[in-house]
Structures are given as structure tokens and as C-alpha cells.
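Coordinate analysis (summary)
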Amino acid sequence: MSVVYALIPVAIIFVIIAIAVFFWAVRSDQFEDIERQGLNILMDDDKPKDADNKAPSDQANKEQESDNDAKR
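Residues numbered from 1 in each chain as written. Predicted model: local features only at pLDDT ≥ 70, side-chain atom pairs only at ≥ 80, totals over all residues. Heavy atoms only, no water.

Considerations on the packing of aromatic side chains
Applied cut-off: By convention, a stacked pair of Phe, Tyr or Trp rings (six-membered ring in the case of Trp) has centres within 6.5 Å and planes under 30 degrees apart, an edge-to-face pair has planes over 60 apart, and any other such pair is tilted.
The tally for this structure, following the rule as stated, stands at one aromatic pair. On the numbers, 5.6 Å between centres and 65° between planes, the contact of Phe22 with Phe23 is edge-to-face.

Written as C-alpha cells, this is what we have:
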């Protein structure tokens, strides 16, 4: 029974912390646009890009140019 006397204040502290985090999230606009991120996974990119954020055809052209330069 003495454990309950210790757990009740701990639970109240957790509730106060959770409420404070919730109000901080609301004030910092965390819930402003909740639908866009959920729909991003459904939308395909028009052009796939590699790690350099360039179109793959641009990368292939640069590789061919560097090969041609090496052959000269």
C-alpha cells in the first residue's frame, strides 16, 4: 500500500509533463499541416534523382564526356 503513495505523485508529474509537451507542440505549430506528410508517401516523383540531386541522364552524359576526354 505504501507503493501507491509513491506512484500517485510520479503519475501526476508524468501527466503534467505530457500536458506541457502537448501545449509546446501546439504553440510551435507542430500540428499545422498534418495531411501533407501523410500524402507524400503516395505521390511519386516525376524524375528519379541520384545522390547528387541531378537527373540520371545528366550524370550519364557527364560520364560519357569524361570518358571521351580521357580517350583524347
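Some details on helix H1 (residues 2-27)
For the record, the criterion: Secondary structure counts use DSSP, requiring at least four H or I residues in a row for a helix and at least two E residues in a row for a strand, with both numbered from the N terminus. To estimate the expected span of a helix, count its residues, drop one, and scale the result by 1.5 Å.
Taking 1.5 Å of rise per residue, the 26 residues of H1 would be expected to cover 38 Å, and the 39 Å separating its terminal C-alpha atoms lies within 8% of that figure. Among the residues trailing H1, Asp29 stands out with phi positive, at a value near 60°.

A look at unusual backbone geometry
Even without being glycine, Asp29 reaches a positive phi, approximately 60°. In this structure, Asp29 sits in the loop between H1 and helix H2 (34-40).

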